[in-house]
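# Structure at a glance
Chain residues, written in single-letter form:
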Amino acid sequence: MRKFHCILCLTCLIFSGCAVSGLGSGDQAMLDENLPKVEKLKSMSDMSDVAFEWEPLYGENFKGFYLYRASVEEPEFKLIATLKDKFQTHYVDSGLQPDTLYQYMMRTFNKQGHISGPGKVVEVRTQVRPEALSFVQALTNLPGRIKLIWRPHYDLRINAYRIERAGEDGKFKKIATVKNRLSAEYIDEDLRANERFSYRVFALTFDGVQSEPGEILHALSKALPPEVTQLSASTDLSGKILLTWDAPAYEDFSYFKIYASSSSFLPFSLLAKSDKNSYEDRVSGAGVRKQYKVTMVDKDGLESPLPKNGVEGRTLGILASPSIILAQSTSEGIIVEWSDNDARAVEYEVKRYGGEQSAIFKGIKEKRLKDIKALPGVEYSYEVVAIDELGVRSEPSIRVKAAQ
């Protein structure tokens, strides 16, 4: 401060010379001792503004006023305003820093651009910034968002709040302005899961002055549910594929999503939802292969990562074809007997070829058929198909000939 005053005194001595550089509208302005000086300069300050009032000099012969300002950071007086009407007696210097000491001085000037001697120097300190918010808190573990709450500022000059956020680089940037002094929250949305940020909240006055910085808050958005592990798919069931997987303990669990694809090279689509760690996929056809993936969804709708690789399941293939072991003509008809070759067989179908038209015998439960409709002297061929409980059919057996 002592240095500031010394420079100020030296500057005032320079001003008293015949030519003063940089103080008028041109590069140099000639000093005219006959021009009136502004000796009574009154001031009133706010946080970023200083208002001035001076006594009228209506009867004097001059054109207007030059206003100069100096500070600790810029100790040399600089011209900051040119007032071209000598009848003006008020002016406001805006955009200043809060809690900062400034010095001001005025000179008058005439039509020829000559300036008066230096007027009275006045010191003005702008008011301090509003205090930091007394309470600010970040609420974490929210899905895709972080919520900030605070206690409204008591200063009635506050009309908004500035929200700043910093990522891993630690650089704070403005992300929002919340209007109204009584507002008390902001929700930062559209965040990725388990994303970490730092926040700070400033109060703003009506003229845009920012409060002192408050506490820096560190917050984390909610993580995704744990990945589903130990998924297995059956390969030995007929007409269905049974899926089972581990169910990790998770407080916010809601349900599982089961995805399926007909090939590992094709996209997976949602097949079903289940609140249990198993699922039975009913599949039409024998020997059908499918790929599966399972994810967990929590109560907020967040879904665990989709596994990179799927698990293959398949249904049992078609039944083994029966083998005809007997095709013999008797007095009661042609007897056909066979072995099923597959434990899944629950019934059989026999097809007879020959004669005027073929015949089919369905719903046979035993491994034996007596064809009483076979005509004498006609040669027939027989083949047998095995069928399981789901209607899956085997390929026909090898045809065997017989004659009545």
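Summary of the structure given here.

Rules of the game
Residues numbered from 1 in each chain as written. Predicted model: local features only at pLDDT ≥ 70, side-chain atom pairs only at ≥ 80, totals over all residues. Heavy atoms only, no water. Pairing = 2+ DSSP bridges. Helix = DSSP H or I, 4+ residues; strand = E, 2+ residues; numbered from the N terminus. Axes fitted to C-alpha atoms, helices over the stretch in contact; angles between N-to-C directions. Buried < 20%, exposed > 50% of the residue type's maximum accessible area, 1.4 Å probe, protein only. Contact = heavy atoms within 4.5 Å. Phe/Tyr/Trp six-rings, centres within 6.5 Å; stacked < 30°, edge-to-face > 60°. Lys NZ or Arg CZ within 6 Å of the ring centre and 35° of its normal.

Our next topic: the sheet that holds strand S25 (residues 333–339). Spatially, the 3 strands line up as an open sheet ordered S24-S25-S28, and their pairing is antiparallel. The outermost strands of the open sheet, each flanked by one partner alone, are strand S24 (323–330) and strand S28 (368–371). Sheet twist, expressed as the mean angle between neighbouring strand axes with direction ignored, is 15°. Strand direction decides the pairing type here: S24 and S25, joined by 7 bridges, are antiparallel. Counted as the bridge partner of Gln-328 is Ile-335 from S25.

Looking now at the environment of Pro-56. Here Pro-56 is to be found in the loop between strand S4 (50–54) and strand S5 (64–71). Take Pro-56: its relative accessible area is 45%, and that puts it in the partly exposed class. Residues Pro-56 and Ser-304, spaced 248 residues apart in sequence, show a C-alpha to C-alpha distance of 77 Å.

For the rest of this paragraph, the subject is the environment of Arg-289. Positionally, Arg-289 belongs in strand S22 (residues 289–298). According to the relative accessible area criterion, Arg-289 is partly exposed, its value standing at 45%. Arg-289 sits 27 residues away from Leu-316 along the chain, and the two C-alpha atoms are 9.5 Å apart. With residues up to four places along the chain from it excluded, the contact list for Arg-289 reads Ser-262, Glu-312, Gly-313 and Arg-314.

A word on the packing of aromatic side chains. Per the stated rule, a full pass over the model turns up 13 aromatic pairs. Between the aromatic rings of Phe-253 and Phe-256, the centroid separation amounts to 4.8 Å while the plane-to-plane angle is 50°, which identifies the pairing as tilted. Here Phe-256 falls in the buried class, since its relative accessible area comes to 3%. Summarising the aromatic geometry, the rings of Trp-338 and Tyr-348 are spaced 5.6 Å apart at their centres and angled 65° between planes, so their arrangement reads as edge-to-face. In this pair, Trp-338 is assigned in strand S25 and Tyr-348 in strand S26 (residues 347–353), connecting sequence segments 10 residues apart. Here Trp-338 falls in the buried class, since its relative accessible area comes to 3%. Feature note: the residues Phe-52, Tyr-102 and Tyr-104 constitute an aromatic cluster, connected by ring pairs. Lying across the ring of Phe-172, Arg-200 places its NZ or CZ 4.2 Å from the centre.

What follows concerns the sheet that holds strand S16 (residues 217–220). Strand order in this open sheet of 4 strands is S13-S12-S15-S16, and the pairing throughout is antiparallel. Each end of this open sheet is capped by a strand with a single partner; those strands are strand S13 (172–179) and S16. Within the sheet, the average angular offset between the axes of one strand and its neighbour, ignoring direction, is 30°. Note that strand S12 (residues 158–166) and S13 share 7 bridges and pair antiparallel. Within S13, the position partnered with Ile-163 by the bridge is Ala-176.

Moving on, we come to the pairing of strand S8 (residues 101–109). Both faces of the sheet carry side chains from a regular strand, because those side chains alternate between them. In terms of residue burial, S8 counts as a mostly covered element, since 9 of its 9 residues are buried. Pairing of S5 with S8, which is carried by 8 bridges, proceeds in the antiparallel orientation. Bridge pairing links Tyr-66 to Arg-107 in S8. As defined by bridge partners, S8 adjoins strand S9 (residues 122–125) across 4 bridges and the pair is classed as antiparallel. The partner of Leu-101 across the bridge, within S9, is Arg-125.

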